[in-house]
Every structure is written in C-alpha cells, then in structure tokens.
Amino acid sequence: MNTETMKKIVLITGATSGIGLACAKKFAENGDKLILTGRNERRLADIRKELTEKGTEVLTLAFDVRDREEAARMISALPVEWQQIDVLVNNAGLALGLEPEYEGNLDEWETMIDTNIKGLLTMTRLIVPGMVERNRGHIINVGSVAGDAAYAGGNVYCATKAAVKALTDGLRIDVANTAIRVTNLKPGLVETNFSNIRFHGDNDRAANVYKGIQPLTGDDIADVAVYAANAPAHVQIAEVLILATHQASGSVIVRKNQ
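Residues numbered from 1 in each chain as written. Predicted model: local features only at pLDDT ≥ 70, side-chain atom pairs only at ≥ 80, totals over all residues. Heavy atoms only, no water.

### So, the sheet that holds strand β6 (residues 181–187)
Here's step 1: Strand order in the open sheet made by the seven strands is β3-β2-β1-β4-β5-β6-β7, with parallel pairing throughout. Each end of this open sheet is capped by a strand with a single partner; those strands are β3 (58–62) and β7 (239–242). The sheet shows a mean angle of 15° between the axes of neighbouring strands, taken without regard to direction.
Here's step 2: Relative to strand β4 (residues 87–90), strand β1 (residues 9–12) runs parallel, the two sharing three bridges. The residue of β4 that forms the bridge with V10 is V87.
Here's step 3: The sheet strands contacting helix α4 (residues 106–134) are β1, β4 and β5 (138–142), and the helix crosses β4 at an angle near 175°. (Pairing = 2+ DSSP bridges. Helix = DSSP H or I, 4+ residues; strand = E, 2+ residues; numbered from the N terminus. Axes fitted to C-alpha atoms, helices over the stretch in contact; angles between N-to-C directions. Contact = heavy atoms within 4.5 Å.)

Put into structure tokens, the structure is as follows:
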C-alpha cells in the first residue's frame, strides 16, 4: 500500500502540452510515477523518453477522452502495478472560437462539451471507484476563472468550466465520507498553446491575448497542483483561483504599453 513517503501514481490527461505537460514534469520532479494520456502517440513517446531518461517511471496511453469506450479499454488494461492510481489530474480541455453565442459553431461547441465536461466525467467514473475502494486518492480538476463568470465571446467555453466547478464540488460532497480529496484549479491567463488552438493556428491573434501583461505559465499551475497533492492528509485544497498579477477576473485585465 502506498504511503505519503512512497511514490504516488499520477494519471494526467491532456499531458502532451501546456498545463498537462507542465504537471507531468513537476510531478516527475516530485518523484512520482506517471500515467500520461493524450491523442498524439508520437508526442507521448517523446515525453516518456525525456522523463524516463531522468529517472521517472512513465506509462503512456494514447486515446481521446471523448472516446468513452477506448478510455475504458485503456484503463481496464492497465498493468497490475499501475492500477492503484493515487492522483487523477483531469486536465484535458480546450476552447474553440470567440464568436457571439448566436453565431457560434455547433461542431466546436460539441467538441468543447465532449472534451471539457464529458471527458472529465468519463475519467472520473473510471478512476474514482478504485480510490473509494482503497479509501485514498486525490482528484485535481483543471477548471478556469472562466467558470466563475462569462466573458465576451466565451459563452460555451465558460459554461463548460462552470460545469467543471459544479462537478468538482459535487464529487467532493460525494466522497466526503472517505479520505479522498478533490481540488478545482482555476487558472486565468496562462501562456500555452491554448489560444493558438482557440484561434485555429492564428499565431498573431493568439499572441495578442497575452500582449501587455505577463501571463501565468504552465509551471505556475503545475506548482499548485503538486502542492495540493502533497498537502498533509487532513488538508484538502478545495479550490484555487490563480491569476496573473494584473488580471483581476476573467474580463478585467490591465495591460501596459498599449
């Protein structure tokens, strides 16, 4: 049985870039064993090689969290020594577009809902029963400041992150009679490939999102995730809002030199 002094098994979804990759590296530095998931099998292999060479035990699973059957197949086929997952980091998620709700792309809405909400639910349903049975574990959901209040053009993305908050709070209630802890991380502006994906590869438009402000980095969010996961057993870091210094909310950002 794992103890606080032993390596944890940490499963991170969406681990090939951004916050997910930063979490992988930070948990690796912490000495934990990693199960990394993502859609890009080659990228996963490269990350595994990099971390393995530094002494981290890494298992990679290439699948899309939107594919419920494939996710279930992958998790059920985990080797025995990897089955007792201690920390689940539900990070996989994305934003697409910034149009008014009445002009939105229905396919993009479906992708966000299926990834940000249903994918998170799938992984929770697959992993948490084992935690309940063992009476230990930690679920860290990557939400957003966007889940607190909508901003212009955010509509459906904001709704998905509001759902993450509600689902995280609901799960915390459901497992309150166990030793399982549940955390919602709510980042503000984080400079990753998030905006590049949102704007379909328009790098100039993506760069403007972070213009005039020093944004957070993936490492900043990963630091909080590792801290929460390693807090004393009686301490539950339930929710953390992490903003850049000159960001006050999802819609209030003070930009310099504009």
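### What about the pairing of β4?
Here's step 1: Here β4 shows two buried faces, one formed by V87 and V89 and the other by L88 and N90.
Here's step 2: Bridge count between β4 and β5: four bridges; the pairing is parallel. Bridge assignment links N90 to a residue of β5, and that residue is N141. (Buried < 20%, exposed > 50% of the residue type's maximum accessible area, 1.4 Å probe, protein only.)

### Some thoughts on α4
Here's step 1: With 29 residues, α4 should reach 42 Å at 1.5 Å per residue; the first-to-last C-alpha distance of 41 Å fits that figure.
Here's step 2: For α4, the principal kink sits at K118 and spans about 35°.
Here's step 3: Taken from the residues just after α4, N135 is the one with a positive phi, measuring 55°. (Expected span 1.5 Å × (residues − 1). Bend = angle between axes of the 7 residues up to and from the residue.)

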